[in-house]
Amino acid sequence: MSGYDVFEIALRRQFATVDHGAGEGKRSLWSVEPRFIPADSDTDRHLEGQPPRIEIDRDQLNQLRTDPIAYGARLTESLFSDPGLRDLYAEAVGATVRANKKLRIRLFSDAPDVQSLWWETLQDPLAEGHQPLLFGELTPFSRYLHSLDWRNSKAGTSQLRRAAILIANPSD
């Protein structure tokens, strides 16, 4: 198995928040621009027409922080709520499996607050049950944050460096 196909998801904020009335909380509206980029091709696949819009209910996600499976299910439901997006993802998975490759998933956003969402809890929208999407050697995941500052940053030797390392040890 060599090479990676890429499934990119670009999230662009449409409105900061929309108030849906008494007790319903505020939701962020986003346009989603997915692309499937096969490793052995000069062309990519994307959705035609206007990018789909999705709602992410941050209040509801915050209430689910104590239950990562429910949080991931809700975030997955929000992200893959558009049938065209789900179909393009299914196409990417099918082509990647047939070519015996890995599917790298990339998330781009122009909003820093999107980084605070627990994207690592996403579940495979094609699988039954609560199958994690981003855990496993077949689906490496990267998040990118837009910046207007293109200067190189040099880490000084005297700067304090921190790293977060997560190690999973599932029992199944």
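Analysis parameters
- Residues numbered from 1 in each chain as written.
- Predicted model: local features only at pLDDT ≥ 70, side-chain atom pairs only at ≥ 80, totals over all residues.
- Heavy atoms only, no water.
- Helix = DSSP H or I, 4+ residues; strand = E, 2+ residues; numbered from the N terminus.
- Buried < 20%, exposed > 50% of the residue type's maximum accessible area, 1.4 Å probe, protein only.
- Contact = heavy atoms within 4.5 Å.
- Areas by Shrake-Rupley, 256 points an atom, 1.4 Å probe, with all protein chains shown as cover.
- Phe/Tyr/Trp six-rings, centres within 6.5 Å; stacked < 30°, edge-to-face > 60°.
- Lys NZ or Arg CZ within 6 Å of the ring centre and 35° of its normal.

A. Inspection of the overall build of the protein at higher detail. Each helix and strand counted, the protein has 3 helices and 6 strands in total. Along the protein, helices (α) and strands (β) appear in the sequence β-β-β-β-α-α-α-β-β when read from the amino end. Across the 172 residues of the protein, 30% fall into the buried class. The contacts of the protein with a sequence gap of at least 6 include a subset with a gap of at least 24, amounting to 67%. Carbon and sulfur atoms form 50% of the exposed surface of the protein, whose accessible area is close to 11,300 Å².

B. Just the packing of aromatic side chains, in detail. For the structure shown, the criterion picks out 3 aromatic pairs. Relative to Tyr 89, the ring of Phe 80 has its centre 5.4 Å away and its plane inclined at 55°; by these criteria the two rings are tilted. Taken together, the aromatic side chains of Phe 7, Phe 80 and Tyr 89 make up a single cluster linked through ring pairs. In this arrangement the basic side chain of Arg 104 is found over the ring face of Tyr 4, its NZ or CZ atom lying 4.4 Å from the centre.

Just geometry here; none of it tells us what the structure is for.
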